[in-house]
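Summary of structural features
Spelled out, the chains give:
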Amino acid sequence: MAPSPVPLLSLSLPELTAWVQTTGQPAYRGKQIHQWLYQKGARSLNTMTDLPKAWREKNSDYPIGRSVIDHCAVAPDHTRKYLLRLADGLIIETVGIPSSKRLTVCVSSQVGCAMDCNFCATGKGGFIRNLQSYEIVDQVLTVQEEFQERVSNVVFMGMGEPLLNLPEVVKAVECLNQVVGIGQRALTISTVGLPGKIRQLADRHLQVTFAVSLHAPNQTLRQSLIPSARHYPLEQLLADCRAYVETTGRRVTFEYVLLAGVNDQPVHAEQLAQKLRGFQTHVNLIPYNPISEVDYQRPTEAQINQFAQVLSDHRIAVSVRYSRGVQADAACGQLRASRQEELTATV
Ligand code: SAH
């Protein structure tokens, strides 16, 4: 059996140029196709009207590598949650988050996730596979086309653990930066942290924004929320973050999901402030988005503000980040979980 053709979106400009020549076309056609793919959102060679008609017709079924929108849920705050269907039928979640100055896309880096953090819907369905870099770029192109507006920021905070798919995530970062034209600092890689992986990322010397999901100020509490933390002592994680700052010259942002009565008490904020002493950092507090599988609660606004105040009193920069689009369909990963089940049931 002949190997299946490589989707065109997975090729760099030199690779596209080489490919088009193997089909008997001159080299400059590579650039034309590249423009169609990235600037005009072409989803088939047939629609690339400045290419020869007979050649287009002959290659009209050649795979491009774009996903199909399976479902879109629009929240009252205009956030749009998309379920995108990949070539192999799997579903991923991508979110477009508009604001007055920005259009942010929250992309998935894997189908499912192996980390199984207690409070996260994605982990409940387990890990299925890594995404290829073009499947990450496709999510950004899709949101850009849907909103008819340039994407300004990308956060790797959808499904998956980006550092477990590092080569493809780095390739996607390079493409989003160099081809799609998004500044590296406007790209955020978020990780729960895995032994050795933060160093690997630091060694790439990217200028992206780097965020670590901390969620607890001590090892015992952290590993009760994040099973993988059992193999990664908090002190080691923080030492790796310090080394990251040294290697890249970039700050580290810490994310902290606030779960009522679990990790949101003033004593936790105090402990956190002690742990982060001397760190050039910013803490993002994320009030928990309820998911159906577990019964954590979101803290009250007063509790959230009190936690933030303790950090501020210690001169730690802190923001409260309410997840946008919660009304579109519960928290992260839930929309996809229900749809994938439905699809599997109908096969
Ligand atoms: N695996 C990566 C990126 C994906 S999750 C990471 O852990 O950083 C992106 C962020 O959303 C993480 O900080 C994660 O802890 C948070 N998150 C997951 N489920 C949530 C929920 N139900 N409510 C609020 N934040 C959640």
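The model shown is predicted, which means the values in this text are computed figures rather than measured ones. (Residues numbered from 1 in each chain as written. Predicted model: local features only at pLDDT ≥ 70, side-chain atom pairs only at ≥ 80, totals over all residues. Heavy atoms only, no water.)

1. What about the UniProt feature "binding site: S-adenosyl-L-methionine" (unreviewed entry) in the protein chain?
Which entries qualify depends on this criterion: UniProt positions are given in the numbering used here, feature names are shortened, and annotations may be inferred rather than shown by experiment. A run of H or I in DSSP becomes a helix once it reaches four residues, and a run of E becomes a strand once it reaches two; helices and strands are each numbered from the N terminus. Only protein chains enter the accessibility calculation, which uses a 1.4 Å probe. A residue is then buried if its area is under 20% of the maximum for its type, exposed if over 50%, and partly exposed in between. Whether two residues touch is decided by their heavy atoms; if any such pair falls within 4.5 Å, the residues are in contact.
Taken from the UniProt record, the annotation "binding site: S-adenosyl-L-methionine" (unreviewed entry) applies to Gly-160, Glu-161, Ser-190, Ser-213, Leu-214, His-215 and Asn-289. Residue position: Leu-214 is located in the loop between strand E9 (209-213) and helix H8 (219-225). Residue class for Leu-214 comes out buried when judged on its relative accessible area of 3%. Discounting residues that sit within four places of it in the chain, Leu-214 has contacts with Arg-222, Ile-226, Leu-234, Leu-237, Leu-238, Phe-254, Glu-255 and Leu-272. For Asn-289, the location among the structural elements is in the loop between strand E11 (281-287) and helix H11 (301-313). The class for Asn-289 is buried, based on a relative accessible area of 8%.

2. Comments concerning the site of the ligand
Heads up, the condition is: Consider each residue's heavy atoms; a residue with any of them within 4 Å of a molecule or strand counts as near. Think of a polar contact as two N or O atoms within 3.5 Å of one another; within protein, one of them needs to be a possible hydrogen donor and the other a possible acceptor, and neighboring residues in sequence only count if both atoms come from side chains. Note on areas: Shrake-Rupley with a 1.4 Å probe; residue coverage comes only from the protein chains shown. For this classification, the nonpolar set comprises Ala, Val, Leu, Ile, Met, Phe, Trp, Tyr, Cys and Pro, the charged set comprises Asp, Glu, Lys and Arg, and every other residue, Gly included, is treated as polar.
The immediate surroundings of the ligand are formed by 19 residues, with Phe-119, Ser-190, Ser-213, His-215 and Asn-289 found nearest. Ser-190 is positioned with one of its side-chain polar atoms (N or O) 2.6 Å from an oxygen atom of the ligand. When the free accessible area of the ligand is taken as 530 Å², the share hidden by the protein chains comes to 94%. Contributing elements (two or more residues each) for the shell around the ligand: strand E8 (187-191) and strand E10 (252-258). The class makeup of the residues in the shell around the ligand is ten nonpolar, seven polar and two charged.

3. Section: the domain arrangement of the protein chain
The condition that has to hold: Note that domain bounds follow an automatic or database assignment of domains. When two parts are put together, the accessible area they lose, computed with a 1.4 Å probe and summed over both, is reported as buried area. Should a side-chain nitrogen of Lys or Arg be within 4 Å of a carboxyl oxygen of Asp or Glu, the pair is scored as a salt bridge.
For the protein chain, the domain assignment lists domain 1 (8-58) and domain 2 (68-346). Placing the centre of domain 1 and that of domain 2 at their C-alpha centroids yields a distance of 35 Å. Carbon and sulfur atoms make up 67% of the surface buried where domain 1 meets domain 2, a total of about 660 Å² over both sides. Of all residues in domain 1, Leu-9, Tyr-38 and Arg-43 give up the largest surface area on contact with domain 2, accounting jointly for 70% of the area buried on that side. Inspection of the region where domain 1 meets domain 2 yields one salt bridge. For the pair domain 1 and domain 2, the number of links is one residue pair in polar contact (both at pLDDT 80 or more). Of the residues assigned to the side of domain 1 that touches domain 2, the class counts are three nonpolar, three polar and one charged.

4. Some remarks on the sheet that holds strand E2 (residues 80-85)
Quick note on the threshold: Being paired, for any two strands, means DSSP has found at least two bridges between them. Axis angles are defined between N-to-C directions and span 0 to 180 degrees, where every axis is a line fitted to C-alpha atoms and, for a helix, only to the segment in contact.
With respect to topology, ten strands assemble into an open sheet ordered E1-E2-E3-E4-E7-E8-E9-E10-E11-E12, the strand pairing being mixed. The strands lining the two open edges of the sheet, one partner per strand, are strand E1 (68-74) and strand E12 (317-320). Within the sheet, the average angular offset between the axes of one strand and its neighbour, ignoring direction, is 20 degrees. Examined bridge by bridge, strand E7 (residues 153-156) and E8 share three bridges and lie parallel to one another. Pairing of Val-154 across the sheet is with Leu-187, part of E8. The strands touched by helix H5 (residues 133-147) within the sheet are E1, E2, strand E3 (91-98), strand E4 (103-106) and E7, with E2 carrying the most contacts at an inclination of about 130 degrees.

5. Points about unusual backbone geometry
Positive phi is not limited to glycine here, since His-78 has a value of about 75 degrees. Mapped onto the secondary structure, His-78 falls in the loop between E1 and E2. With a relative accessible area of 54%, His-78 lands in the exposed category. Even without a glycine there, the phi angle at Arg-315 is positive, about 60 degrees. Position of Arg-315 relative to the elements: it lies in the loop between H11 and E12.

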